[in-house]
Amino acid sequence: MTTLLKIDTTNPDPRTISQAAKVIRSGGLVAFPTETVYGLGADALNPESVRKIYTAKGRPSDNPLILHISAHQQAESLVHMNDTARLLARTFWPGPLTLVLPAKDCIPLTTRGGLDTAAIRMPDNPTALALISTSGTPIAAPSANLSGRPSPTDAQGVLADMDGRIAMILDGGSTRVGIESTVIDVTDPKRVLLLRPGGLAREEIEHVLFMSLAQPDSNSKKRSPGTRYRHYSPSIPVKLWNVDSVFPDCVQDSAGFIGLHQPPVNVRVKLLFGSMEAYAGALFAAFRQLEEEGCSEIIAEYPAGSSGISEGIRDRLIRAAGD
Ligand code: TXA
Ligand code: MG
């Protein structure tokens, strides 16, 4: 049985939080809202609890988890911070930035997928922060979807994938950013790697660092292990459309469209967004909605532009389309 508890995300009820923290402390799984997507949380320092995450998600055990923290000094106790990492943490935390750094021994190998590094971030959501601090332990949390499915951005999405598999869901409504955090490797401060584009724009990080983020080469060990797998996919095909090119072949009576511009053909369901941020915010929920409405395929606009959250959207779309 999965218990679903409503919570006011920005002003969480301490009694609800302590109920959830009790589950975390006793080794159970709690799904909770962050500013990006819902996380599937467990005590990051307890390998038995963390193993349950892999089982519930059907996730390959070599794909490491992000440790979520609620205070800056917690980072120092978990990983070997350097000055570049501290600067980024001070500037962007709480927020959608995940830092990969050399792990200290207190982080179980299960949590970090057997690697000598670990990923940490401080989420920008009062419910998430209260849950972490009340639990008194860092919380390991991947996105709260079955492995390969679109990340849930509301409690209904979590329930669809996780009902009966986890102890509790904190329902704090829809998340703000809609795609996952940006993951960077800061192990070598002279060459900071962008492992996964996401909620924090690359140029914001580059502006603070006074340098460009490097791309890990495709067979580098430094690649984010998670990026090897097909991801974010609805159960129906996803085709990409660039506004300047020909609209993909589709069955108009049953196709669904998502994007920023009017498509040049009629489709059965059309979801149009007014800004890049709104598109990112609604992307995964739109995937799930079009699937539930019985569409046979999804045509998604592949956004142009080098700035802001567009790089993260393009990354998710390419993976969803399986190209
Ligand atoms: O916004 C987010 O990041 C959400 C919320 C819940 O915080 N979490 C999330 O977790 O997206 P997950 O597990 O779905 O993605 C974590 C990514 C994966 O691509 C994983 O491979 C990478 O971070 N990662 C974790 N630890 C790493 C490490 N030590 N080295 C390289 N990549 C790592
Ligand atoms: Mg995920």
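Here goes a summary of the coordinates provided.

What counts and what doesn't
- Just so you know, the residues in each chain are numbered from 1, in the order the chain's sequence is written.
- Key to labels: chains lettered from A, ligands numbered from 1, both in the order written.
- Thresholds applied to this predicted model are a pLDDT of at least 70 for local features of residues and 80 or more for the giving and counting of side-chain atom pairs; totals over whole chains, interfaces and linings are not thresholded and use all residues.
- The side-chain figures draw on all heavy atoms in the structure; neither hydrogens nor water molecules are used.
- Comment: elements are numbered from the N terminus, with helices defined as DSSP H or I runs of at least four residues and strands as E runs of at least two.
- For a compact globule the rule gives 2.2 Å times the number of residues to the power 0.38, and the radius of gyration it is set against comes from C-alpha atoms.
- For every residue, the accessible area (1.4 Å probe, protein chains only) is compared with the maximum for its type, and the residue is labelled buried under 20%, exposed over 50%, or partly exposed between those bounds.
- DSSP calls a pair of strands paired once it identifies at least 2 bridges connecting them.
- Interaxial angle, 0 to 180 degrees, is taken between N-to-C directions of lines fitted to C-alpha atoms, where a helix line uses only the stretch in contact.
- Oblique is the label for every angle not falling under 35 degrees (roughly parallel), over 145 degrees (roughly antiparallel), or within 65 to 115 degrees (roughly perpendicular).
- Each crossing is labelled by how the near helix is turned from the far one, with a counterclockwise turn of less than a right angle marking it left-handed and a clockwise turn marking it right-handed.
- By definition, residues are in contact when any of their heavy atoms lie within 4.5 Å.

Here we look at the overall build of the protein
- Helices and strands together make up the secondary structure of the protein, namely 9 helices and 14 strands.
- Against the compact-globule benchmark of 20 Å for 323 residues, the protein has a radius of gyration of 19 Å, which places it among compact chains.
- The C-alpha extent of the protein, read off along each of the three principal axes, is 55 × 50 × 35 Å.
- When the 323 residues of the protein are sorted by exposure, 59% land in the buried category.

Side note on the sheet that holds strand E14 (residues 297-301)
- Strand order in the open sheet made by the 4 strands is E11-E14-E12-E13, with parallel pairing throughout. Each end of this open sheet is capped by a strand with a single partner; those strands are strand E11 (238-241) and strand E13 (269-272). The mean angle between the axes of side-by-side strands here comes to 20°, regardless of whether they run parallel or antiparallel.
- Relative to E14, strand E12 (residues 255-259) runs parallel, the two sharing 4 bridges.

Looking at the packing of helix H8 (residues 276-292) against helix H9 (residues 310-321)
- For the pair H8 and H9, the least separation of the axes is 9 Å and the interaxial angle reads 25°. Looking at the two axes, H8 sits roughly parallel to H9. For the pair H8 and H9, the crossing hand works out as left-handed. Touching Met 276, Tyr 279, Ala 280, Leu 283, Phe 284 and Phe 287 of H8 are Ser 310, Ile 313, Arg 316, Leu 317 and Ala 320, all from H9.

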